[in-house]
Number of protein chains: 2
Amino acid sequence: MTSISSSVPLAKADPREPFWTRIASDLADAIVRGAYRPGDRLPSENVLAEQFGVHRHTIRKSLASLCSKGLVRSTQGSGTYVEDFAVDLVLAKRTRHQHNLSHAGLKGGLRVLRARTTRATKAQASALQLAPRSKLLLLDVLGEAEGVPLHVSERAFPLPRFAGLDAVVAETGSITAAFLAADVADYTRRESRITAHLPDPEVAAHLRQPPSRPVLRVDSVNVDTAGVPIEFAVTWFAGDRVHLVVAHHD
Amino acid sequence: MTSISSSVPLAKADPREPFWTRIASDLADAIVRGAYRPGDRLPSENVLAEQFGVHRHTIRKSLASLCSKGLVRSTQGSGTYVEDFAVDLVLAKRTRHQHNLSHAGLKGGLRVLRARTTRATKAQASALQLAPRSKLLLLDVLGEAEGVPLHVSERAFPLPRFAGLDAVVAETGSITAAFLAADVADYTRRESRITAHLPDPEVAAHLRQPPSRPVLRVDSVNVDTAGVPIEFAVTWFAGDRVHLVVAHHD
DNA sequence: CGATATTTGTCCGTATGTATA
DNA sequence: GTATACATACGGACAAATATC
């Protein structure tokens, strides 16, 4: 019989970390990876307790934490079920990661995976209306909600103007805040171009999903109030954790 | 040496069908299936001539036809290359298949694959604001451009109101025309919900793509000028042949 | 840089089947 | 039936652009 605890041994964990948090994140990982899919019933608390080698009350504490995050729902006499936790992300003129999540009652933020400077490719230069091979600041960013990765993106910013932006994003976890620090009080999205792909291994690893599960790729351009392009982003969304919603108003 | 003509014998073809049309559709199929991907160079005319067992001039006629359809582009001295033929489909309040294609300079239309009446599922009833298990007209529709399948959709229409709609769609190849015949002079799209999936075998077959290549699924609701829902559609778009574009205006 | 091979573009021709007047 | 026009298919030659070394 396969036990989750045997494939990811608890022994390796930080001894100061309580068992229940480790078990909770193990279960969350199993759900995110698709071992348990929305609608599935988790093994009973007693079975989980045996698998992880802990008391049932410890499992209950883990499940309660997952429940409060909206990942599972327990029903007395029936079992604990994986919730359909796909997040609606609204694509609109004023798209803000934070606002999108808080609207769904979730907590999350952005994490900078890598920052570097390069010269613009043809596609980047044309999207940002720059001369070919202009200098750019490139940020690889991971977007999360409740510890679950929702998207990874490569974001390009014109460089004399937005030098040092990476530090602010890394500190605040917000692009909007970083733009504000660079004297961009407001910005809007001009266009989004959506395609479906299989993720390359790096993207799949960041999204913690198998490369055989598809992702949504969104290419977008943000412009400041003067209409000058300030950001060209390619974002990969975990296909089954995210619903992109387009609200068609006038 | 492997020859395409041996794996797909020309002998089996309709004797009245010219070789060059058969070869053209074979090549188009290989491109659509992904055997040759955008940017790839096709084998040289001489190689193709040998493979298909025909004269080079016959191959040239086939390629000329593909070229006129925009599937390939030939460059003297270099070769014949598969064009990046992904179509931009704009998601907007007034989304019309025909207009989208003609804007891209393409010819295409809708083909009714199946028509039937059922009772509404929970999702359909809620989207169309109907009582559960109301009667619906269900249409399976294939959308094409230049003979290349772009999307398949299952479209649900409330039934006392839109009886006979299928006949008009089948005849005109246009949903808009069918709505017009049912006294709906204008309609708009309320919302689009976009996800990435792997297609089930039936959808993949209709789109003529392997089930391992992802598709975009778009759930949408159309309403008449009074705001009454008149259509709930689930559309699967061939992921690499379609770019969904969202233009963000005010 | 030049020499050479490859690949498409264009022209000459021949032969055959089919539709039309 | 005959003549004409057209589409199809094969054969060959060379020019022009490109790739490769």
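Going by the structure above, here's the rest.
What counts, and at which threshold
- Residues numbered from 1 in each chain as written.
- Chains lettered and ligands numbered in written order.
- Predicted model: local features only at pLDDT ≥ 70, side-chain atom pairs only at ≥ 80, totals over all residues.
- Heavy atoms only, no water.
- Near = heavy atom within 4 Å.
- Polar contact = N/O pair within 3.5 Å; in protein donor to acceptor, adjacent residues only side chain to side chain.
- Helix = DSSP H or I, 4+ residues; strand = E, 2+ residues; numbered from the N terminus.
- Contact = heavy atoms within 4.5 Å.
- Buried area = accessible area lost by both parts, 1.4 Å probe.
- Salt bridge = Lys/Arg side-chain N within 4 Å of Asp/Glu carboxyl O.
- Nonpolar A, V, L, I, M, F, W, Y, C, P; charged D, E, K, R; others polar.
- Pairing = 2+ DSSP bridges.
- Axes fitted to C-alpha atoms, helices over the stretch in contact; angles between N-to-C directions.
- Parallel < 35°, antiparallel > 145°, perpendicular 65-115°, else oblique.
- Expected span 1.5 Å × (residues − 1).
- Buried < 20%, exposed > 50% of the residue type's maximum accessible area, 1.4 Å probe, protein only.

Asks: Explain the protein's contact with DNA strand D to me, please; I cannot follow it from the model alone.
Replies: Residues and elements named next belong to chain B. As a structural note, the neighbourhood of DNA strand D is formed by Pro18, Phe19, Trp20, Val54, His55, Arg56, His57, Thr58, Lys61, Gln76, Gly77 and Ser78. Of what DNA strand D places within 4 Å of the protein, 64% of the atoms are sugar or phosphate. At 2.9 Å, a side-chain N or O of Gln76 approaches a base nitrogen of DNA strand D. Taken together, the elements giving at least two residues each to the surface near DNA strand D come down to α2 (19–33) and α4 (56–68).

Asks: Would you mind showing me how to read the interface of chain B and chain A here?
Replies: Reports of interface size often rely on the accessible area that becomes lost once the parts have come together. Residue-level contacts link 28 residues of chain B with 28 residues of chain A. Taken together, the two surfaces of chain B and chain A that pack against each other cover about 2,400 Å², and 58% of this comes from carbon and sulfur. Inspection of the region where chain B meets chain A yields two salt bridges. One can count eight residue pairs in polar contact (both at pLDDT 80 or more) joining chain B with chain A. In terms of residue count, strand β7 (residues 187–197) of chain B provides more of the side of chain B that touches chain A than any other element does, nine residues in total. Class assignment for the residues of the side of chain B that touches chain A results in 13 nonpolar, eight polar and seven charged. Of the strand pairs in this sheet, strand β10 (residues 242–247) of chain A and β7(B) are connected by four bridges, and their pairing is antiparallel. Each bridged residue has a counterpart across the sheet, and for A:Ala247 the counterpart in β7(B) is B:Glu191.

Asks: Explain the sheet that holds strand β6 (residues 148–158) of chain A here, please?
Replies: Hydrogen bonds between backbone groups are what pair the strands of a sheet, and the pairing can be parallel or antiparallel. Read from one edge to the other, the open sheet built from eight strands follows the order β4(A)-β5(A)-β6(A)-β9(A)-β8(A)-β7(A)-β10(B)-β3(B), with strand pairing classed as mixed. What marks the edges here is a single partner per strand, and that holds for β4 (108–119) of chain A together with β3 (87–91) of chain B. On average, each strand axis in the sheet is tilted by 20 degrees relative to the strand beside it, whichever way the strands run. Strand direction decides the pairing type here: strand β7 (residues 187–197) of chain A and strand β8 (residues 215–224) of chain A, joined by ten bridges, are antiparallel.

Asks: What's the story with the packing of helix α3 (residues 45–52) of chain B against α4(B) in this structure? I'm lost.
Replies: Packed helix pairs are specified by the crossing angle of their axes together with the interaxial distance, meaning the distance between the axes. Residue and element names in this part refer to chain B. Contact geometry of α3 with α4 gives a least axis separation of 8 Å together with a crossing angle of 105 degrees. The angle between α3 and α4 falls in the class roughly perpendicular. Residues Glu45, Asn46, Leu48, Ala49 and Phe52 of α3 touch α4, and the partners they reach there are Arg56, Ile59, Arg60 and Leu63. Class assignment for the residues of the contact of α3 with α4 results in five nonpolar, one polar and three charged.

Asks: Even after reading the chapter, I still don't get the side chain of B:Arg96, so can you show me in this structure?
Replies: All names here are of chain B. Positionally, Arg96 belongs in the loop between β3 and α5 (97–103). Among the polar contacts made by the side chain of Arg96, one reaches the side chain of Asp186 at a distance of 3.5 Å. Of note is the side chain of Arg96, whose polar atom sits 2.8 Å from the backbone oxygen of Tyr187.

Asks: I tried to follow the sheet that holds strand β6 (residues 148–158) of chain B on my own but got confused; where do I start?
Replies: Ordered in space as β3(A)-β10(A)-β7(B)-β8(B)-β9(B)-β6(B)-β5(B)-β4(B), the eight strands form an open sheet in which the pairing is mixed. The open sheet has two edge strands, β3 (87–91) of chain A together with β4 (108–119) of chain B, and neither has a second partner. Shown here is a sheet whose adjacent strand axes are inclined to one another by a mean of 20 degrees, direction ignored.

Asks: It is not clear to me how α2(B) should be interpreted in this structure. Could you clarify?
Replies: An α-helix turns once per 3.6 residues; consequently, residues spaced three or four apart project the same way. All names here are of chain B. Between its first and last C-alpha, α2 extends 21 Å over 15 residues, near the 21 Å set by a 1.5 Å rise per residue. Where α2 is concerned, the buried positions are Arg22, Ile23, Ala24, Asp26, Leu27, Ala28, Ala30, Ile31 and Val32. Buried residues along α2 sit in contact with α3, α4, β1 (72–75), β2 (79–82), β6 and α10 (201–207).

Asks: Got a minute to help me understand the protein's contact with DNA strand C in this structure?
Replies: Residue and element names in this part refer to chain B. Around DNA strand C there are 13 residues in total, and Glu45, Arg56, Arg60, Gln76 and Gly77 lie nearest to it. Each atom of DNA strand C within 4 Å of the protein belongs either to a base or to sugar and phosphate, the latter forming 61%. Take Glu45: an N or O atom from its main chain is 2.9 Å from a phosphate oxygen of DNA strand C. Between DNA strand C and Gly77 there is a distance of 3.3 Å, counted from a base oxygen to a backbone nitrogen or oxygen. Where the surface near DNA strand C is concerned, the elements lending two or more residues are α4, β1 and β2. At three residues, the largest contribution of residues to the surface near DNA strand C is made by α4.

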